[in-house]
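Notes for the structure review
Read off the chains here:
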Amino acid sequence: MKEKVLIIGTGYVGLVSGTCFAEMGNNVVCIDIDEKKIEGLKNGVIPIFEPGLSQLVIRNYESKSLEFSTSLAKEINNAYLVFIAVGTPMGDDGSADLQYVVKVAEQIGQLMTKPLIVVDKSTVPVGTADLVRKTIQEELDKRKVNIEFDVVSNPEFLKEGDAINDFMKPDRVVIGADSDKSIKVMKELYSPFLQSNNQFISMDIRSAEMTKYAANAMLATKISFMNEIANICELVGADVNMVKNGIGSDSRIGYSFINPGSGYGGSCFPKDVQALYKIAMENNYTPELIKSVETVNNNQKLVIANKVIQRFGEDLSGKTFAIWGLAFKPGTDDMREAPAIYIIKELIKRGAKINAYDPKAIDEAKHFYLKGIDVNYCNTKYDTLENSDALLLLTEWKEFRSPNFDIIKDKLKNPIIFDGRNQYSVFNLKTKGFEYFQIGKI
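What comes next concerns the included structure. (Residues numbered from 1 in each chain as written. Predicted model: local features only at pLDDT ≥ 70, side-chain atom pairs only at ≥ 80, totals over all residues. Heavy atoms only, no water.)

Before going further, it helps to spend a moment on the overall build of the protein. Of the regular secondary structure elements, the protein holds 17 helices and 14 strands. For the protein, the C-alpha radius of gyration of 24 Å lies close to 22 Å, the compact-globule estimate for 442 residues. Along the first, second and third principal axes, the C-alpha set of the protein runs to 75 × 45 × 40 Å. Here the analysis covers contacts within the protein between residues at least 6 apart in sequence; of these, 74% occur between residues at least 24 apart. Just so you have it, the protein exposes about 20,000 Å², and 50% of that area is on carbon and sulfur atoms. Of the side chains in the protein, 53 bear a positive and 58 a negative charge, and the two mean positions are spaced by 3 Å. (Helix = DSSP H or I, 4+ residues; strand = E, 2+ residues; numbered from the N terminus. Rg over C-alpha atoms; globule rule 2.2 N^0.38 Å. Contact = heavy atoms within 4.5 Å. Areas by Shrake-Rupley, 256 points an atom, 1.4 Å probe, with all protein chains shown as cover. Lys, Arg positive; Asp, Glu negative; His and termini not counted. Charge placed at Lys NZ, Arg CZ, Asp CG, Glu CD.)

As structure tokens, then:
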């Protein structure tokens, strides 16, 4: 019987990774302690929205190349690779909370009976592989058994909304290992996904752990830098959209991640930037740039709210605002650290009423991120406009890109748009009689 790949954790990273490995012919078992989630997955109920994921999960489950289980004890001794893909939420001090990673490592040490390669897939601080190795070895010592195992770092670089494509056609696969055997096994596992050997990058474990944080911090830095430029543009009378074109054409800079907006959110950038700051501080280094990236981003989330206040006044009682977009980005239902949360709370705090629409994130808003907050959720984007004083665009979903502006103008009390993603043409809207507010342009 072909040995299996185990994925512990069926969150975003675990479910996407396990499904894509199965799609390439591996026998994969995804394990989670949440019985309800596992039963749902067996019945085709996917707990997250990710384009293309549902079809892949169902197809591979039906073909039996993908299984779901709540029992690590039952599955571990049929496996040669065990991926740890559990959550590492941000702790109160900004560091990554490793309690779930450590718990899984303890269970592996308690249950394994033959050699294994244990792979850290979760985003974890530098030194976590050493902690995982130490934890497993301590459990083996308690059992008085000597079983060989390796610990490997394999950070993920998936974009929410395009994760399947990212996994199936990766820019690179980073492997941190101190064993040639483990590197060989990981290269064999990933070879069906790679177009060239240059995409497989092996290094020492700590460098691999650091690579994930460095990559996300770099991208977050580009976003905050451009938002800082946008705010300066407003003060000096420049147009940030023109500036973006001017600098993006430089091949050293490029156009990726330089769109001005309401700041970054999601599960990765906010958490990883804070964790990297914490790692540096714990090593007696103050990372001034990293701290500034976070400060700029936190301030940016309220830029659109402040524009609304400047236009309508401090007291928003009696005003209603239409919100288009709740998710932190298009292509996902993820609202973690989404600018919409902060903007909506700020407007409601000042007495405003909110009509909101998002193609995928309304349930997340209702049950988690805006739970208990009085928001009127609408079935279509145009329904939000009824009795609203202005429209706020907060997520750049495709269906918002070319709306019927005549309908918008007809339904709004005032033809006013606050564009938190700089999606529309200033010239086009002004000729249609709109008051139009962008980021980085007066």
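A word on unusual backbone geometry. Positive phi values are uncommon outside glycine, yet Asn284 reaches one of about 65°. Relative to the helices and strands, Asn284 is located in the loop between α11 (269–282) and α12 (288–300). The backbone of Asn387 sits at a positive phi, close to 65°, despite the residue not being glycine. Tracing the chain through its elements places Asn387 in the loop between β11 (376–377) and β12 (390–393).

Turning our attention to the nonpolar core. Core analysis: the largest hydrophobic core is formed by 56 residues, its most contacted members being Phe321, Trp324, Leu326, Leu347, Leu370, Leu392 and Ile408. If sequence neighbours within four positions are ignored, Phe321 has contacts with Val308, Phe312, Leu316, Leu347, Ala352, Lys353, Ile354, Asn355, Ser388, Ala390 and Leu392. By size, the runner-up hydrophobic cluster in this structure holds 41 residues, among which are Ile7, Ala85, Phe167 and Ile175. (Core = buried A, V, L, I, M, F, W, Y, C linked by side-chain atoms within 4.5 Å. Buried < 20%, exposed > 50% of the residue type's maximum accessible area, 1.4 Å probe, protein only.)

On to the side chain of Asp358. Checked against the element boundaries, Asp358 lands in the loop between β10 (353–357) and α15 (362–369). In this structure, Asp358 is buried with no salt-bridge partner, the nearest side chain bearing the opposite charge being Lys360 at 8.5 Å. Among the polar contacts listed, one links the side chain of Asp358 to the side chain of Trp397, at a separation of 3.0 Å. Aside from chain neighbours lying at most four places away, what touches Asp358 is Gly325, Leu326, Ala327, Thr395 and Trp397. (Salt bridge = Lys/Arg side-chain N within 4 Å of Asp/Glu carboxyl O. Polar contact = N/O pair within 3.5 Å; in protein donor to acceptor, adjacent residues only side chain to side chain.)

Quick look at the pairing of strand β7 (residues 173–176) now. The two faces of β7 match: Val173 and Ile175 on one face and Val174 and Gly176 on the other face are all buried. In this fold, β7 hands off to helix α8 (residues 180–190), which returns the chain to strand β8 (residues 200–203); that crossover is right-handed. (Right-handed = clockwise from strand over helix to strand, strands pointing away.)

The next point concerns the environment of Ser292. With respect to the helices and strands, Ser292 occurs in helix α12. The partly exposed category is assigned to Ser292, whose relative accessible area is 38%. Here the alpha-carbon distance between Ser292 and Ser224, two residues 68 residues apart in the chain, equals 8.5 Å.

With respect to topology, 6 strands assemble into an open sheet ordered β11-β10-β9-β12-β13-β14, the strand pairing being parallel. Looking along the sheet, the strands with just one partner apiece sit at the ends: β11 and β14 (435–437). The pairing of strand β9 (residues 320–324) with β10 spans 5 bridges and is classified as parallel. By the bridge assignment, Trp324 is partnered in β10 with Tyr357. Across the sheet, helix α13 (residues 303–312) is in contact with β9, β12, β13 (416–419) and β14; its angle to β13 comes to roughly 155°. (Pairing = 2+ DSSP bridges. Axes fitted to C-alpha atoms, helices over the stretch in contact; angles between N-to-C directions.)

This part covers the pattern of salt bridges. What the rule picks out here adds up to 28 salt bridges. Here Glu139 and Lys142 are joined by a salt bridge, their closest N and O atoms 3.2 Å apart. Linking Glu139 with Lys142, this pair stays in helix α6 (residues 128–143), spanning 3 residues, or about one helical turn. We note a salt bridge from Glu346 to Lys349, for which the minimum N-O separation is 3.2 Å. Of this pair, Glu346 and Lys349 are both found in helix α14 (residues 339–349), 3 residues apart, which corresponds to roughly one turn of the helix. Its relative accessible area of 13% is what places Glu346 among the buried residues. Because the salt bridges share partners, they merge into one network encompassing Asp130, Arg133, Asp178 and Arg206.

Right, let's get into the environment of Asp150. In this structure, Asp150 sits in strand β6 (residues 149–153). Here the alpha-carbon distance between Asp150 and Ile117, two residues 33 residues apart in the chain, equals 4.8 Å. A distance of 2.7 Å separates the side chain of Asp150 from the side chain of Ser182, its partner in a polar contact.

Okay, α14 next. The complete set of buried residues in α14 reads Pro339, Ala340, Ile341, Ile343, Ile344, Glu346 and Leu347. Following α14 by one or two positions, Gly351 adopts a phi angle in the positive range, close to 100°.

Right, let's get into a nonpolar patch on the surface. The grouping of Ile232, Leu235 and Val236 at the surface amounts to a nonpolar patch, some 340 Å² of accessible area in total. With respect to the helices and strands, Ile232 occurs in helix α9 (residues 205–236). What makes Ile232 partly exposed here is its relative accessible area of 44%. (Patch = residues over 30% accessible without salt bridge, like charges linked within 9 Å, V, L, I, M, F, W, Y side chains within 5 Å.)

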